Amino acid sequence: MTAATLSSKAIKRIVKEIQQLQTSPPEDIQIIVDDENLTEVQAWIRGPDGTPYEGGYFKVKLQMDEGFPDTPPKGYFLTKIFHPNVSEKGEICVNTLKKDWKSELGIEHVLLTIKCLLIVPNPESALNEEAGKLLLEHYEDYAKRAKLYTSIQATSGKAVS
């Protein structure tokens, strides 16, 4: 999909939000700009301290469609991660991207929500049932597996953008 399929209102909004994110990025989030494709916004999110994702850098992608901002972007982890709310294909399940979406919520809000998921996973809406079950029943095993994935998949991080 190209920017041509987005409304001019959506394009203006995305450009404004990207500029804002570049000027004053949220803590531990760095936007990756591709001026050729405004329907897709990518960012690096640093794994929060004190979580199994600490020390990792996770690349995420938000995909906007022609309904944006009235419809939420779709969120994906491009870095492989062991997390209850992330499918094998990287799809992210979070209420902000579904039933709780409001058009005034922006890209920064979505990125912060994804970062919060790394701190507080939600096993009740698990896309990865194994991770959700381990989180609820054997936290130590969950944390060990999440740390292993982080050490293998996410520590080269931003060096290989």
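Residues numbered from 1 in each chain as written. Predicted model: local features only at pLDDT ≥ 70, side-chain atom pairs only at ≥ 80, totals over all residues. Heavy atoms only, no water.

- As annotated in an unreviewed UniProt entry, the protein chain is E2 ubiquitin-conjugating enzyme from Mucor lusitanicus CBS 277.49.
- If you open the UniProt record of the protein chain and go to Sequence similarities (unreviewed entry), you find "Belongs to the ubiquitin-conjugating enzyme family." (UniProt positions renumbered as here; feature names shortened; annotations may be inferred.)

## Let's talk about the overall build of the protein chain
Logical step 1: From N to C terminus, the protein chain includes four helices and four strands.
Logical step 2: Starting at the N terminus, the α and β elements of the protein chain follow one another as α-β-β-β-β-α-α-α.
Logical step 3: Compactness check: the protein chain gives a C-alpha radius of gyration of 16 Å against a globular reference of 15 Å for 161 residues, within 12% of the reference.
Logical step 4: With respect to the three principal axes, the spread of C-alpha positions in the protein chain is 50 × 35 × 25 Å.
Logical step 5: In the protein chain, of all internal contacts separated by at least 6 residues, the share reaching a separation of at least 24 is 58%.
Logical step 6: For the protein chain, the exposed area adds up to about 8,600 Å²; of that, 51% sits on carbon and sulfur atoms.
Logical step 7: The distance from the centre of the 19 positive side-chain charges to the centre of the 23 negative ones in the protein chain is 1 Å. (Helix = DSSP H or I, 4+ residues; strand = E, 2+ residues; numbered from the N terminus. Rg over C-alpha atoms; globule rule 2.2 N^0.38 Å. Contact = heavy atoms within 4.5 Å. Areas by Shrake-Rupley, 256 points an atom, 1.4 Å probe, with all protein chains shown as cover. Lys, Arg positive; Asp, Glu negative; His and termini not counted. Charge placed at Lys NZ, Arg CZ, Asp CG, Glu CD.)

## A short note on the packing of helix α3 (residues 129-137) against helix α4 (residues 139-154)
Logical step 1: Direction vectors running N to C along α3 and α4 enclose 135°, while the axes themselves pass 5 Å from each other. One element, α3, and the other, α4, form an angle in the oblique class. Taken together, the residues of α4 that come into contact with α3 (itself represented by E130, A131, L134, L135 and E137) are Y139, D141, Y142 and R145.
Logical step 2: The residue makeup of the contact of α3 with α4, split by class, is five nonpolar, no polar and four charged. (Axes fitted to C-alpha atoms, helices over the stretch in contact; angles between N-to-C directions. Parallel < 35°, antiparallel > 145°, perpendicular 65-115°, else oblique. Nonpolar A, V, L, I, M, F, W, Y, C, P; charged D, E, K, R; others polar.)

## Overview of the UniProt feature "domain: UBC core" (unreviewed entry) in the protein chain
Logical step 1: Feature annotation in UniProt assigns "domain: UBC core" (unreviewed entry) to the following positions: residues 9-155.
Logical step 2: Helix makes up 36% of residues 9-155 and strand 15%, and the two end C-alpha atoms of the span are 38 Å apart.

## Remarks on the sheet that holds strand β4 (residues 74-77)
Logical step 1: The strand order across the open sheet formed by four strands is β1-β2-β3-β4, and the pairing between neighbours is antiparallel. At either end of the open sheet lies a strand with only one pairing partner, and these are β1 (29-32) and β4. Recorded for the sheet is a direction-independent mean angle of 25° between the axes of neighbouring strands.
Logical step 2: Bridge count for strand β2 (residues 40-46) against strand β3 (residues 57-63) is seven bridges, and the pairing is antiparallel. Paired with R46 across the strands is Y57, a residue of β3.
Logical step 3: In the packing of helix α2 (residues 107-119) onto the sheet, the strands contacted are β1, β2, β3 and β4, and the crossing angle to β3 comes to about 140°. (Pairing = 2+ DSSP bridges.)

## Details of the nonpolar core
Logical step 1: Core analysis: the biggest nonpolar cluster contains 38 residues, and I14, F77, I107, L111 and I114 have the highest contact counts within it.
Logical step 2: Among the secondary structure elements, those contributing two or more residues to this core are α1 (8-23), β1, β2, β3, α2, α3 and α4.
Logical step 3: Sort the elements by how many residues they give to this core and α2 lands first, with six residues.
Logical step 4: Not counting residues within four places of it along the chain, the set of residues in contact with I14 comprises L6, L38, V41, M64, F68 and I107. (Core = buried A, V, L, I, M, F, W, Y, C linked by side-chain atoms within 4.5 Å. Buried < 20%, exposed > 50% of the residue type's maximum accessible area, 1.4 Å probe, protein only.)

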